[in-house]
Amino acid sequence: MKTDILIVGSGCAGLYCALCLPSDKSITIITKSDLESSDSFLAQGGICVLRDEEDYQSFFEDTLKAGHYENDRQSVEIMIRSSRKTIDDLIGYGVEFARCSDGSLDYTREGAHAKPRILYHADITGREITSKLLARVKECDHITLLPHTTCLDIIEEQGECRGAVIAHADGSIETVSCAYTVLATGGVGGLYRHSTNFPHLTGDALAIALRHGVALQDADYVQIHPTTFYTKEAGERSFLISESVRGEGAKLYNKHMERFVDELLPRDRLTEAIHRQMEKDGSDFVWEDLRPIPQEELETHFPNIVAYCREHGYDVTRECIPVVPAQHYFMGGVKVDHESRTDMPRLFAIGETACNGVHGKNRLASNSLLESLVFAARAANAIKEENGSIGALPEVDLSVYRDREALAAAYRDLVWNEIQRRRIEHV
Ligand SMILES: Cc1cc2nc3c(=O)[nH]c(=O)nc-3n(C[C@H](O)[C@H](O)[C@H](O)COP(=O)(O)OP(=O)(O)OC[C@H]3O[C@@H](n4cnc5c(N)ncnc54)[C@H](O)[C@@H]3O)c2cc1C
């Protein structure tokens, strides 16, 4: 197969990158599962935006403070400065955010934000954004979407990326020859027993990068979300109880129904406090109380959470729910510059799978949708400026990819071991 640009992954990063690329290029988006099974569809809380110039320093400082001041300051500046344009673009694509009675945008607040600066759509912001981007992509004749199609490897020639090896839904394997490859494969939650991520998100781009000597950054920076709904059985995916509910007043209690922590601490510090409390209590969870939030606000702002808890036997308007921390987000990734270029020519990485240092050691809530979109657009711009053409592919022995299970297991081990290796190095 030949295509000008191959995008691996159909989350918000991959879709938005495709929409920002010139329409005279042929673009192919492949995705491992169906088109709706990306973490982008799961985002609940919202997306940050710079409300006005007065909020710049505070937004910048909150992002750095959450990231333990290990953030790349230029990346943070780019993200914040580009936020308004990105939101305007989304609104142009038909994305609807919650509004006040006078029609102006409504802003909510989450943990570690000094001020309300988060736009939201009930508690399904990610679905609202990503479904609208997907709908627009489907209207574009120059973009081909291939669901249930997996990237198994990239093809390297003289140190440049020339394309990829992909497997189709029917099991057939073929090479893709392209001018640029953009990795947008999301996070690593599929490597963990308890995670809020889709299980097929196993950090494939990281494994591929490692095999080709493409640099990674901060591979041990994995965020655990402090509050996911606790169930006895280890389910497929942990259900997130969004930070916004704490921003709106929800409280955390120990087994004696006493508060034990400031609920608006950054995620990592809150997670530590919850783990300590669980150990003290000899319990597998702590309690979260959503009752301080007015019932009407609960039903309109968090209908999804209310319904999920109800289905699982809890009426949040009358009782507390059990919550436990779970793997949630990957701050590290394939190392990229401010235009989302990896250190291999013609290979870009965007979204959660990339690391431009914006989040430092710990992501500030609701910065990831924004970061994914801002740096996806920058990748598209850089590709447009480079304007390279499709090169010749070297001979590729496809037989080494036939045993898909063995390959997937090898990739999982590679990524898992790298995360552990870097963790030990950091101690
Ligand atoms: C429950 C939950 C709630 C969240 N809430 C928020 C929030 O409120 N605000 C916020 O800013 N962020 C939030 N996040 C984080 C945010 O959703 C993600 O960081 C962001 O959507 C990542 O987008 P992405 O495009 O990089 O990856 P994803 O949306 O995860 O997409 C990855 C894509 O890559 C594909 N893929 C993977 N491997 C391969 C392969 N080998 N070949 C082909 N395709 C492949 C997948 O099928 C998928 O389409 C939340 C995350 C979760 C899990």
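Conventions used here
- Residues numbered from 1 in each chain as written.
- Predicted model: local features only at pLDDT ≥ 70, side-chain atom pairs only at ≥ 80, totals over all residues.
- Helix = DSSP H or I, 4+ residues; strand = E, 2+ residues; numbered from the N terminus.
- Buried ≥ 20, exposed ≤ 12 C-beta atoms within 10 Å, placed from the backbone.
- Contact = placed C-beta atoms within 7 Å.
- Pairing = 2+ DSSP bridges.
- Axes fitted to C-alpha atoms, helices over the stretch in contact; angles between N-to-C directions.
- Domains from an automatic or database assignment.
- Nonpolar A, V, L, I, M, F, W, Y, C, P; charged D, E, K, R; others polar.

We now examine the environment of Asn-367. Examined against the element boundaries, Asn-367 turns out to sit in the loop between strand S16 (354-355) and helix H10 (368-386). Here Asn-367 falls in the buried class, since 27 other C-beta atoms lie within 10 Å of it. The sequence separation of Asn-367 and Thr-202 amounts to 165 residues, and the corresponding C-alpha distance is 21 Å. Setting aside its immediate chain neighbours within four residues, Asn-367 contacts Cys-48, Thr-63 and His-359.

This part is about the environment of Glu-296. Mapping Glu-296 onto the fold places it in helix H8 (residues 295-301). Along the chain, Glu-296 and Glu-36 lie 260 residues apart, while their C-alpha atoms are 30 Å from each other.

Time to look at the sheet that holds S16. An order of S9-S14-S16 is seen for the 3 strands of this open sheet, with the pairing classed as mixed. Sheet topology places strand S9 (216-217) and S16 at the edges, where each strand pairs with a single neighbour. Here S9 pairs with strand S14 (residues 333-335) via 2 bridges, running antiparallel. Across the sheet, the residue bridging to Gln-217 is Gly-333, located in S14. Relative to the sheet, helix H5 (residues 204-211) contacts S9 and S14, its axis offset from that of S14 by approximately 40°.

So, about the domain arrangement of the protein chain. Examined at the domain level, the protein chain breaks down into domain 1 (2-221 + 331-426) and domain 2 (233-325). Averaged C-alpha coordinates put domain 1 and domain 2 at centres separated by 29 Å. If you look at the interface, domain 1 gives 20 residues, while domain 2 gives 21 residues. Here the residues of the side of domain 1 that touches domain 2 are counted per class, giving 7 nonpolar, 9 polar and 4 charged.

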